[in-house]
There are 2 protein chains.
Amino acid sequence: MRILIVEDEKGISNFLKDGLEEESFAVDLAPDGNKGLELSAVNDYDLVLLDWMIPGISGIEVCRQIRKSNSSIPIIFLTAKDTVSDIVFGLEAGANDYIKKPFKFEELLARIRVQLRTKEGEQNILKLGKVEMNLETHQVISNLKEVALTQKEFSLLEYLIRNKGKVCTRTRIIEHVWDMHFDSDTSVIDVYINFLRKKLDDGSGRSFIHTIRGSGYVAREE
Amino acid sequence: MRILIVEDEKGISNFLKDGLEEESFAVDLAPDGNKGLELSAVNDYDLVLLDWMIPGISGIEVCRQIRKSNSSIPIIFLTAKDTVSDIVFGLEAGANDYIKKPFKFEELLARIRVQLRTKEGEQNILKLGKVEMNLETHQVISNLKEVALTQKEFSLLEYLIRNKGKVCTRTRIIEHVWDMHFDSDTSVIDVYINFLRKKLDDGSGRSFIHTIRGSGYVAREE
DNA sequence: AAGAATCTTAAAATTTCCTTAAAAGAACCG
DNA sequence: CGGTTCTTTTAAGGAAATTTTAAGATTCTT
C-alpha cells in the first residue's frame, strides 16, 4: 500500500516514513504543497498524510485540489491546532480524518488502517482461501502452517489479496509495492511471485496466484 | 471487594471496619476463630485479615483450616510478635503477607491492595516461556535462575512480553521504551536486544526474541 | 517452430542486523 | 566535590538476510 506524506519538517517526515515502512507500506515524501500536488497527480496513492502548516500552498488548499481533481483517496491531516473550527474546516475541505500533533505513532497507524479498510468492514486480517495474513503481527498462515515472509514478499501478497479477483498489472504492482515511479525494465516481480508461490502453495501444483499473460497476476480462490 | 476480619479486640476491629468501609470494601467481623471459620466457609470473601492472638482456635489454626478447606484466598495476618520464626511460621501456614501491630492504616491498605491486585486482573507477574518477570519487585527469573536487569533492559523486556506474539517494530519500541517521538538514527535497540539475549537465553542458540528483518522483534514461546 | 513472455536458479549487490568496544552519562559513596 | 562503578549510548566492522540482477530453461501463443 502506497502512502504520500506531505510534510516540511524533515524530522517528522522521516520518522513517519521509517515507521510506516516497518509496517510494510511504500512511502513517498513531499516537502511542500506544490510537490505534494505534483506527486499525487502523477502517482496512484492509497492514502495521503497531509500537514496543515506547510510552505507554499497550504495543506487545506492541497486537500481541496486533490479532491477536486479526482479521487476518493483517503486523506488524513496532521494539525497542531485543534480548535473545533479548524477541524470542521479541514473535514469540509474533503479530509477523511485528522490527528493532533503531537501524536503517538500507533494512533496514527490505527487511523490509517481504518481508512484503508474496505467497505466490507474488514479488519487487520486479510484472507484468501487457505492463506491468512495478520497485518498487525505480520504473521502469515498458509495451509494451517505459519510461513515466514520478508517485507517485500509480505507487501506483494498484501497487495494481491487486497485486490483479489482483480488483475494486478505489473505496472501497478511496481508502483504500489516497490514505490517506483518510472518505467523500469526489471524482473523482480517474477522472482517475487515465484518466492510467494514456493512458500504459500500446497503441493497441488496449481497456485492461487494466477498468471495473466501479457499483463500481470491475479490472486483467486479455487 | 469483600473482606473478613478475624479479631477479638473490639477497638481494633471496629477501627478497621470503618476505615475499610470508607475505602468501599464490604467488611464482616468475626470475634474469634470459630466464628471466623464459619463465616469463611459460608461466604465468598476476597481477602481475610487474621489476628494471631484470638480466643478459641488460634489464628494460625484458622489459617491452616481455610487453606485446607478451599481456596487461594489472600490471607494477611496481624501479629504483635515479630520474631523471624513467628513470621516464617505464619507464612508456612499459608498466609500471603503479615503486618506488625501497631501499624498505620495506610500501610495495611497498601498490603491489601497488593493482594487484591492480581485478582482484579492487573497482573504484576508477566511470563513467557521460561522467563518470568515480577513488575513489583523488578526481579526477573530465566531458566530457574534470577537474572539482574538494568532499567532499560527491564522495560524493553516488559514491552516485548506484554506484546508477545505481536511484532514490535523499532518505531514502536523507541516510542514506548525510550519515549522518543521523533526521527532517530540509533542502534540502541540492537544493542539492548543483544543484552537481553545474552542474559536470558538458554544455551540452545535459539532466542525467544525473534528478529523480523526490516520491522523489529517478536517475543514468542517455542 | 519461432518469438515472446514467464519461470527458475544462482550469484551479485545492497540493506539490515549483530557484536564488540569504547565513550558519555548517571548514580553512588566516601 | 572527586573518584568509582554501573548504565546507557554511539560507532564501526563483519555477518547474515534480503533484494535485485542476470541468464538459461520453460511455457505459451501464433
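Preceding this section is the structure that the text describes.
Summary of the structure given here. Residue positions are given per chain, counting from 1 as you read along its sequence in written order. As they are written, the chains are lettered A onward and the ligands numbered 1 onward, keeping that order. Given that this is a predicted model, residues contribute local features only at a pLDDT of at least 70 and side-chain atom pairs are listed and counted only at 80 or more, while totals for whole chains, interfaces and linings are drawn from all residues. Just so you know, side-chain values use all the structure's heavy atoms and leave hydrogens and water out.

Examining the overall build of chain A
To keep things clear, this is the line we draw: Think of it this way: any DSSP run of H or I at least four residues long counts as a helix, any run of E at least two long counts as a strand, and we number them from the N terminus. To sort residues, take the accessible area from a 1.4 Å probe on protein chains only and compare it with the maximum for the residue type: under 20% means buried, over 50% means exposed, and anything in between is partly exposed. Contacts between residues were defined by any pair of non-hydrogen atoms, one from each residue, lying within 4.5 Å. Accessible areas in this description were obtained via Shrake-Rupley with a 1.4 Å probe; residue shielding takes into account the shown protein chains only.
Scanning chain A from N- to C-terminus turns up eight helices and 12 strands. Among the 222 residues that make up chain A, the fraction classed as buried is 48%. Pairs at least 24 residues apart make up 58% of the contacts formed inside chain A by residues separated by at least 6 positions. Of the accessible surface of chain A, which amounts to about 10900 Å², a share of 50% is contributed by carbon and sulfur atoms.

A few points about the protein's contact with DNA strand C
Short version of the rule: We call a residue near a given molecule or strand whenever any one of its heavy atoms falls within 4 Å of it. Think of a polar contact as two N or O atoms within 3.5 Å of one another; within protein, one of them needs to be a possible hydrogen donor and the other a possible acceptor, and neighboring residues in sequence only count if both atoms come from side chains. Under the scheme applied, nonpolar residues are Ala, Val, Leu, Ile, Met, Phe, Trp, Tyr, Cys and Pro; charged residues are Asp, Glu, Lys and Arg; polar residues are all the others, including Gly.
In the vicinity of DNA strand C there are 22 residues, among which Asn194 and Thr211 of chain A together with Asn194, Thr211 and Tyr217 of chain B approach most closely. Here a phosphate oxygen of DNA strand C and a side-chain polar atom of threonine 211 of chain A are 2.5 Å apart. Tyrosine 217 of chain B has a polar side-chain atom sitting 2.5 Å from a phosphate oxygen of DNA strand C. Counting only elements with at least two residues in the surface near DNA strand C, the list comes to helix H8 (188-200) and strand S11 (209-212) of chain A together with helix H8 (188-200) and strand S11 (209-212) of chain B. Counted by class, the surface near DNA strand C contains six nonpolar, six polar and 10 charged residues.

As for the protein's contact with DNA strand D
For DNA strand D, the set of nearby residues contains 20 residues, the closest of which are Thr150 and Trp178 of chain A together with Thr150, Trp178 and Thr186 of chain B. Within 4 Å of the protein, the contacting atoms of DNA strand D are 70% sugar and phosphate, with bases supplying the remainder. Tryptophan 178 of chain A is positioned with one of its side-chain polar atoms (N or O) 2.5 Å from a phosphate oxygen of DNA strand D. Taking threonine 186 of chain A, its side chain carries an N or O atom lying 3.1 Å from a phosphate oxygen of DNA strand D. Classifying every residue of the surface near DNA strand D by side-chain character gives eight nonpolar, eight polar and four charged.

With respect to the packing of helix H1 (residues 10-22) of chain A against helix H5 (residues 105-116) of chain A
Residues and elements named next belong to chain A. Stated precisely, the cut-off is as follows: Note on geometry: axes are lines fitted to C-alpha atoms, helical ones only across the stretch in contact, with angles between N-to-C directions running from 0 to 180 degrees. Working rule for angles: under 35 degrees goes down as roughly parallel, over 145 as roughly antiparallel, 65 to 115 as roughly perpendicular, anything else as oblique. Note on convention: near helix rotated counterclockwise from far helix by under a right angle means a left-handed crossing. Clockwise means right-handed.
The geometry of H1 relative to H5 is characterised by a closest axis approach of 11 Å and an angle of 60° between their N-to-C directions. With respect to their mutual orientation, H1 and H5 come out oblique. The interaxial crossing formed by H1 with H5 has right-handed handedness. Facing Phe15, Leu16, Gly19 and Leu20 of H1, the residues of H5 in contact are Phe105, Leu108, Leu109 and Ile112.

Re the packing of helix H6 (residues 151-162) of chain B against helix H7 (residues 170-177) of chain B
All names here are of chain B. At a minimum axis separation of 10 Å, H6 and H7 run at an interaxial angle of 125°. Looking at the two axes, H6 sits oblique to H7. Both H6 and H7 take part in a crossing whose hand is right-handed. Contacts between H6 and H7 involve Lys152, Ser155, Leu156 and Tyr159 from the first element and Arg172, Ile173, His176 and Val177 from the second. Looking at the contact of H6 with H7, its residues break down into four nonpolar, two polar and two charged.

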